[in-house]
Amino acid sequence: MLGNRRILKVGLIFGTVALLGSVLNFFTALYTGSIPFVNGHLVDIVIVILAIVGAIYFYKNFLNFGFLHLWQGVVLGFWTLLVAVNLISLFHYVYLEFINPDLLSEYKAFMINDFNLKKDAIIKEGSLGEAQEKLKGFIQAKSVDVVIHQIVLKFLPFPITIFSVFFASLALRKIEK
């Protein structure tokens, strides 16, 4: 039972570390004049993956005496992923809803401008109706919608995150003989 509590604590700690890295990435994007919800998806995915691998490595080497069973690594990896995703999405929501609601307007203006720039290419592809519906959705979006969209874009590319959890667990595992 003690091992399960340690897994939960390590997941919380490294999920918080992922949150801090994502907040740093968010404010760096703001500082450079970029809209964080448009750029930086890959960096946030890398931050979460590094937190997952770091949690598994830390648990194995510092809390479990150099041993790691596959199930421990998988549980810890998914727990860290879940904590990181929820904390980062909560930060995004609080920032958009309470700290800087004007960023939502900037995001919408960017999406409208991007649509207008790509309109000719969209017409050539024949998907103007779909693109206009998507744009209409962006215009009517609330901060909750933007946060959910960002969760889907940044943190739930399942092949990347699931494979990183399994590969880290397999690579770092060492079982008792």
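Before any of the text, the structure's been laid out above.
From a predicted model like this one, the values you see are computed outputs, not experimental measurements.

> How would you explain the overall build of the protein chain if you had to name every residue and give the values?
When helices and strands are tallied, the protein chain shows eight helices and zero strands. In the protein chain, the succession of helices and strands from N to C terminus is α-α-α-α-α-α-α-α. Along the first, second and third principal axes, the C-alpha atoms of the protein chain reach 65 × 35 × 25 Å. In the protein chain, buried positions account for 41% of the 177 residues. Put simply, 81% of the contacts in the protein chain that link residues at least 6 apart link residues at least 24 apart. Accessible surface computed for the protein chain: about 10400 Å², of which carbon and sulfur atoms make up 68%. Between the averaged position of the 15 positive side-chain charges in the protein chain and that of its 11 negative side-chain charges there is a distance of 15 Å.

> So what's going on with the nonpolar core? Residues and values would help.
Counting residues in each nonpolar core, the largest one holds 37 residues, and the members touching the most others are Phe37, Ile56, Leu76, Leu96, Leu103, Tyr107 and Val146. Among the secondary structure elements, those contributing two or more residues to this core are helix H1 (2-31), helix H2 (41-63), helix H3 (70-99), helix H4 (102-117), helix H7 (143-155) and helix H8 (158-172). With eight residues, the top contributor of residues to this core is H3. Beyond its immediate sequence surroundings of up to four residues, phenylalanine 37 is in contact with Phe26, His92, Leu96, Leu103, Tyr107, Val146 and Gln150.

> So, helix H6 (residues 128-139): which residues are in play, and what are the values?
For H6, spanning twelve residues, the distance from its first C-alpha to its last is 16 Å, which sits close to the expected 16 Å at 1.5 Å a residue. Ala131, Leu135 and Phe138 are the residues of H6 that are buried. For H6, the angular spread of the buried residues around the axis is 55°, confining them to a single face. Exposed residues lying more than 90 degrees from the buried face of H6 are Glu130 and Glu133.

> Talk me through the layout of surface pockets; I want residue IDs and the actual numbers.
Any space left empty among the atoms is revealed by the rolling of a water-sized probe across them. The volume enclosed by the largest pocket comes to roughly 220 Å³. As for the largest pocket, its lining consists of Met111, Asp114, Phe115, Lys118, Ile122, Ala131, Lys134, Leu135 and Phe138. Looking at the lining of the largest pocket, the elements with two or more residues in it are H4 and H6. Ranked by residue count, the leading element in the lining of the largest pocket is H6, at four residues. Of the residues belonging to the lining of the largest pocket, the class tally is six nonpolar, no polar and three charged.

> Could you give me a rundown of a nonpolar patch on the surface, with the residues and numbers involved?
Residues Leu70, Phe163, Phe167 and Leu170 make up a contiguous nonpolar surface patch of roughly 400 Å² in combined accessible area. Ranked by the residues each element gives to the nonpolar patch, the list is headed by H8, at three residues. Structurally, phenylalanine 163 is set in helix H8. Judged by its relative accessible area of 48%, phenylalanine 163 falls in the partly exposed class.

> Mind laying out the packing of aromatic side chains, listing which residues take part and the relevant values?
Following the criterion strictly, the structure yields eleven aromatic pairs and no others. A centroid spacing of 5.2 Å and a plane angle of 85° characterise the contact between phenylalanine 26 and phenylalanine 91, whose relative ring orientation is edge-to-face. Taken together, the residues phenylalanine 26 in helix H1 and phenylalanine 91 in helix H3 connect sequence positions 65 residues apart. In this structure, phenylalanine 26 and phenylalanine 91 share a single accessibility class: buried. Exposure remark for phenylalanine 26: the relative accessible area of 2% places this residue in the buried category. Clustering of aromatic rings is evident, with ring pairs tying together Phe26, Phe27, Phe37, Phe91, Tyr95 and Tyr107.

What counts, and where the lines are drawn
- Residues numbered from 1 in each chain as written.
- Predicted model: local features only at pLDDT ≥ 70, side-chain atom pairs only at ≥ 80, totals over all residues.
- Heavy atoms only, no water.
- Helix = DSSP H or I, 4+ residues; strand = E, 2+ residues; numbered from the N terminus.
- Buried < 20%, exposed > 50% of the residue type's maximum accessible area, 1.4 Å probe, protein only.
- Contact = heavy atoms within 4.5 Å.
- Areas by Shrake-Rupley, 256 points an atom, 1.4 Å probe, with all protein chains shown as cover.
- Lys, Arg positive; Asp, Glu negative; His and termini not counted.
- Charge placed at Lys NZ, Arg CZ, Asp CG, Glu CD.
- Core = buried A, V, L, I, M, F, W, Y, C linked by side-chain atoms within 4.5 Å.
- Expected span 1.5 Å × (residues − 1).
- Arc of directions from axis to C-beta.
- 1 Å grid on protein atoms, 1.4 Å probe; cavity = no way out; pocket = protein on both sides within 12 Å on 5 of 7 lines; lining within 4 Å.
- Points joined across faces, edges and corners; volume = space filled by probe spheres on them.
- Nonpolar A, V, L, I, M, F, W, Y, C, P; charged D, E, K, R; others polar.
- Patch = residues over 30% accessible without salt bridge, like charges linked within 9 Å, V, L, I, M, F, W, Y side chains within 5 Å.
- Salt bridge = Lys/Arg side-chain N within 4 Å of Asp/Glu carboxyl O.
- Phe/Tyr/Trp six-rings, centres within 6.5 Å; stacked < 30°, edge-to-face > 60°.

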